[in-house]
Amino acid sequence: MKNWENNIRKVVPYVPGEQPKKEHMIKLNTNENPYPPAPGVAKAVADVDIDRLRLYPDPVVADLVQGIADFYKVENNQVFVGVGSDDVLAMIFMTFFNAKEPILFPDITYSFYDVWAEMFRIPYERIPLDDEFKIRTEDYKKANGGVIFPNPNAPTGELMTLEQIEQIIQANPDVIVVVDEAYIDFGGESALPLIDKYDNLIVVQTFSKSRSMAGSRIGFAISNPVLIKYLNDVKYSFNSYTMDTITIAAGTAAIKDRAYFEMTRDKIIKTREWTKQELKKLGFVFGDSRSNFIFARHPQVSGEALFEALKEKDIYVRHFSNPARINEYLRISIGTDEQMQEFIDFLKAYINQ
Ligand SMILES: *Cc1c(COP(=O)(O)O)cnc(C)c1O
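Residues numbered from 1 in each chain as written. Predicted model: local features only at pLDDT ≥ 70, side-chain atom pairs only at ≥ 80, totals over all residues. Heavy atoms only, no water.

Trainee: Talk me through the overall build of the chain; I want residue IDs and the actual numbers.
Mentor: A count of helical and extended segments in the chain gives ten helices and 13 strands. A compact globule built from 353 residues should have a C-alpha radius of gyration of about 20 Å, and the chain, at 21 Å, falls within 12% of that. Over its C-alpha atoms, taken along the principal directions, the chain stretches across nearly 60 × 55 × 50 Å. Scored against the burial criterion, the 353 residues of the chain give a buried share of 53%. Sequence separation of 24 or more characterises 71% of the internal contacts of the chain that already satisfy a separation of 6 or more. For the chain, the exposed area adds up to about 16,800 Å²; of that, 51% sits on carbon and sulfur atoms. Taking the average place of the 40 positive charges on the side chains of the chain and the average place of its 50 negative ones, the gap between the two points comes to 2 Å. (Helix = DSSP H or I, 4+ residues; strand = E, 2+ residues; numbered from the N terminus. Rg over C-alpha atoms; globule rule 2.2 N^0.38 Å. Buried < 20%, exposed > 50% of the residue type's maximum accessible area, 1.4 Å probe, protein only. Contact = heavy atoms within 4.5 Å. Areas by Shrake-Rupley, 256 points an atom, 1.4 Å probe, with all protein chains shown as cover. Lys, Arg positive; Asp, Glu negative; His and termini not counted. Charge placed at Lys NZ, Arg CZ, Asp CG, Glu CD.)

So, in structure tokens, the structure goes:
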């Protein structure tokens, strides 16, 4: 081994879902939105003066920050934007998780958390979910260096109530508590109203799921001005121009169209509930997901076999072989009614064969 090998930051990277390039596939594997972005987005992108690409983008992303602040009725200095919420979350880990005690997150959760913790050398502890894949709030009442969890959780889709979230925040007044609300728009109550009440709370959301813009990479955090300032200080010390001019225009147009957002969100919720009924008829077992995916297993059919059989028909879902506790499950993103009908038709034939 060469000496320099000792000084390399070695990491086991996060593995994103596949992005196959096929014409007629049904893609239910990465929780993308099946509907296009709001109509104003195309116009905003077309209207960008290409000459402006000579210049660096706006480092404070003022237009988009303003749009988000208006939508959520907060002040501009309470909004932090990043290149997807993955970027926002990575900045949060770097800025706020620097204690000797471990940060806490569920054992079954967004699989980027432990990757960042390893990458930034942050000690961490995975707290087991209960037998129904729910977070037990009392488990988060111990010495720690910070707390992070998604609500609803991923990949389980399990939602916590605001009271439960408040219990976790109240038990942890001396560290930063981060609620990752990537899926909150699909049927949960946001923790945003709590940011005025608790000075250690950060709420993170994204345009990737409920706003149909995974390809644009827009995420944001809302908190009090003090925490947002600390976050910006680290961000500008790392890379100050992360969001490009075209994305800023696209995101600003998207956040302005509340009606389109609500319409597509409602359609997905309706399709999700229909899919639940159909899966139940077929014997699948799953919790009451409030996200844009369903995490389900079939008592008689192996998760792996089903995953492979679906893939054979160009229907992509997500299967996690780790940890063993979830390897019989499939995470099925909610597509259009037509896509879900085809998916269900396939399952009917496969399971009854
Ligand atoms: C999808 C997802 C994110 C990241 O989304 P971005 O595309 O980076 O905004 C963050 N947290 C959870 C739990 C997610 O599922």
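Let's pick the thread back up.
Trainee: Explain the pairing of strand β13 (residues 330-333) to me, and be specific about the residues and the numbers.
Mentor: On a regular strand, one side chain projects to one face of the sheet and the next to the other, so that they alternate. Here β13 shows a buried face lined by Leu330 and Ile332 and a second buried face lined by Arg331 and Ser333. Taken together, the four bridges between strand β10 (residues 293-297) and β13 define a ladder with antiparallel strand orientation. Pairing of phenylalanine 295 across the sheet is with arginine 331, part of β13. Note that strand β12 (residues 318-319) and β13 share two bridges and pair antiparallel. Within β13, the position partnered with histidine 319 by the bridge is leucine 330. (Pairing = 2+ DSSP bridges.)

Trainee: I'd like a description of the pattern of salt bridges, backed by residues and values.
Mentor: Where charged atoms of side chains with opposite charge meet at close range, the side chains can pair. Here the structure, examined in full by the defined rule, presents 21 salt bridges. The salt bridge involving glutamate 125 is made with lysine 142; its shortest N-O contact spans 2.7 Å. Residue glutamate 125 is found in strand β4 (residues 124-127), and its partner lysine 142 is found in the loop between β4 and β5 (147-150); the two are separated by 17 residues along the sequence. When the shortest N-O distance is used, the salt bridge between lysine 348 and glutamate 278 registers 3.9 Å. Residue lysine 348 is found in helix α10 (residues 337-351), and its partner glutamate 278 is found in helix α8 (residues 258-281); the two are separated by 70 residues along the sequence. We classify lysine 348 as partly exposed; its relative accessible area is 34%. For glutamate 278, a relative accessible area of 8% gives the class buried. Connected via shared salt-bridge partners are Arg272, Glu273, Lys276, Asp288 and Arg290. (Salt bridge = Lys/Arg side-chain N within 4 Å of Asp/Glu carboxyl O.)

Trainee: Describe unusual backbone geometry, with residues and values.
Mentor: Between asparagine 151 and the following residue, proline 152, the backbone shows a cis peptide bond with an omega angle of -5°. Within the secondary structure layout, proline 152 lies in the loop between β5 and α5 (162-171). Along the chain, asparagine 322 connects to proline 323 via a cis peptide bond; the corresponding omega equals -10°. Within the element layout of this structure, proline 323 appears in the loop between β12 and β13. Residue arginine 121 is not a glycine yet carries a positive backbone phi of 60°.

Trainee: Any details on α5? Residues and values, ideally.
Mentor: Every buried residue belonging to α5 is among Leu162, Ile165, Glu166, Ile168 and Ile169, and all of these are buried. Seen along its axis, α5 keeps its buried residues to an arc of 160°; they face one direction. Buried residues belonging to α5 abut β5, β6 (177-180) and β7 (201-206). (Arc of directions from axis to C-beta.)

Trainee: Describe the site of the ligand, and please don't skip the residues or the numbers.
Mentor: Taken together, 13 residues lie near the ligand, and Ser85, Tyr183, Thr206, Ser208 and Lys209 sit nearest. Here an oxygen atom of the ligand and a side-chain polar atom of tyrosine 183 are 2.5 Å apart. Within the contact set of the ligand, an oxygen atom lies 2.7 Å away from a side-chain nitrogen or oxygen of arginine 217. Here the ligand loses 93% of its free accessible area of 390 Å² to cover by the protein chains. With four residues, the top contributor of residues to the shell around the ligand is helix α3 (residues 84-96). Taken together, the residues of the shell around the ligand sort by class into five nonpolar, four polar and four charged. (Near = heavy atom within 4 Å. Polar contact = N/O pair within 3.5 Å; in protein donor to acceptor, adjacent residues only side chain to side chain. Nonpolar A, V, L, I, M, F, W, Y, C, P; charged D, E, K, R; others polar.)

These figures capture arrangement, not role.
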